[in-house]
Amino acid sequence: MRVWLRRSGKAFAALFVLAQLVPVNRKNPPSVPAKSMYVIENAPANLRAILNRSCSDCHSNETRWPWYSYVAPASWLVANDVHEARRKMNLSEWADYSEKKRDHELEEICNEILDSSMPDGKYTWIHRSARLSEDERDAVCQWTGSPHDHALAQLPPATRVFNH
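As a starting point, this report considers the structure included with it. None of the values given here were measured: they were computed from a predicted structure.

Next up on the list: the packing of helix α5 (residues 99–114) against helix α7 (residues 134–144). Interhelical geometry of α5 versus α7 gives an angle of 160° and a closest axis separation of 9 Å. In terms of orientation, α5 and α7 fall into the roughly antiparallel class. You can see that α5 and α7 cross each other, and the crossing is left-handed. Across the interface between the two elements, Leu106, Ile109, Cys110, Ile113 and Leu114 of α5 pack against Arg137, Val140, Cys141, Trp143 and Thr144 of α7. Taken together, the residues of the contact of α5 with α7 break down into 8 nonpolar, 1 polar and 1 charged.

Membership of the largest hydrophobic core comes to 19 residues, with the highest contact counts inside it found for Met37, Leu91, Trp94, Ile109 and Val140. Secondary structure elements with two or more residues in this core: α2 (37–40), α3 (45–54), α5 and α7. No other element matches the 5 residues that α5 contributes to this core. Sequence-distant contacts of Met37, defined by excluding residues within four places in its chain, comprise Asn42, Leu51, Leu91, Trp94, Leu106, Ile109 and Trp143. Trp65, Tyr68, Val78 and Ala79 belong to the second-largest nonpolar core, a separate cluster that totals 5 residues.

Positive charge collects at one region of the surface, where Arg2, Arg6, Arg7 and Lys10 lie side by side. Among the secondary structure elements, Arg7 is positioned in helix α1 (residues 2–19). Assessed through its relative accessible area of 61%, Arg7 is described here as exposed.

What follows covers the side chain of Glu136. Among the secondary structure elements, Glu136 is positioned in helix α7. Polar contacts involving the side chain of Glu136 include one to the side chain of Arg53, which spans 2.9 Å. There is a polar contact of 2.8 Å between the side chain of Glu136 and the backbone nitrogen of Ser133. Ignoring sequence-local partners within four residues, the contact set of Glu136 consists of Ile50, Arg53 and Arg131.

Criteria and thresholds
Residues numbered from 1 in each chain as written. Predicted model: local features only at pLDDT ≥ 70, side-chain atom pairs only at ≥ 80, totals over all residues. Heavy atoms only, no water. Axes fitted to C-alpha atoms, helices over the stretch in contact; angles between N-to-C directions. Helix = DSSP H or I, 4+ residues; strand = E, 2+ residues; numbered from the N terminus. Parallel < 35°, antiparallel > 145°, perpendicular 65-115°, else oblique. Left-handed = near helix turned anticlockwise from the far one by under 90°. Contact = heavy atoms within 4.5 Å. Nonpolar A, V, L, I, M, F, W, Y, C, P; charged D, E, K, R; others polar. Core = buried A, V, L, I, M, F, W, Y, C linked by side-chain atoms within 4.5 Å. Buried < 20%, exposed > 50% of the residue type's maximum accessible area, 1.4 Å probe, protein only. Patch = residues over 30% accessible without salt bridge, like charges linked within 9 Å, V, L, I, M, F, W, Y side chains within 5 Å. Areas by Shrake-Rupley, 256 points an atom, 1.4 Å probe, with all protein chains shown as cover. Salt bridge = Lys/Arg side-chain N within 4 Å of Asp/Glu carboxyl O. Lys, Arg positive; Asp, Glu negative; His and termini not counted. Charge placed at Lys NZ, Arg CZ, Asp CG, Glu CD. Polar contact = N/O pair within 3.5 Å; in protein donor to acceptor, adjacent residues only side chain to side chain.

So this is what it looks like as C-alpha cells:
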C-alpha cells in the first residue's frame, strides 16, 4: 500500500510539473482608450468604478492576471474564461461594435447582472470585491437604459435574486 501511494504521489507530482509547460496565452491586446465603452458611452466615474471592479478583468483588454493564472491547471481555466468573455463582449473594443450591437450589449449587461450570471460565480468566489450590491445593480441597469431597470424597481426586494 505504501509503495502504491508513493508511486501515485510521484506520478501526480510529475504530471503537475509537466502541466506547467503547456503554453497559456495571457497576452492583453493593445487598448486604445478612445475605443472603450467608457468613452463611447460617456460613462460616469461611479459606473466606471463598478465595471472596472466587476467586469474588466474578463471583458476588456486590460486583464490583471492573478498569480493563480500562472499555475496549471487553473491557468487553463482562467485564460479560457477571459478569451471567451472578450469574444462575447469587450469593453476595450466598444467602438468596433455597431450601434445595434452596443444597444444589445448594454441591455445584456443589465440582464446578466440581474439574473446573477455576471459577474461569474467562479470569479466572485475568489474576488469577493467584484460582487455587486443591489444599489450597484440598480445603478448599472439605470445607466444602461435597459427596460428591465423599471421592472426591477417594481419588484419587492425579497423576490430579487442576488449573490451576496
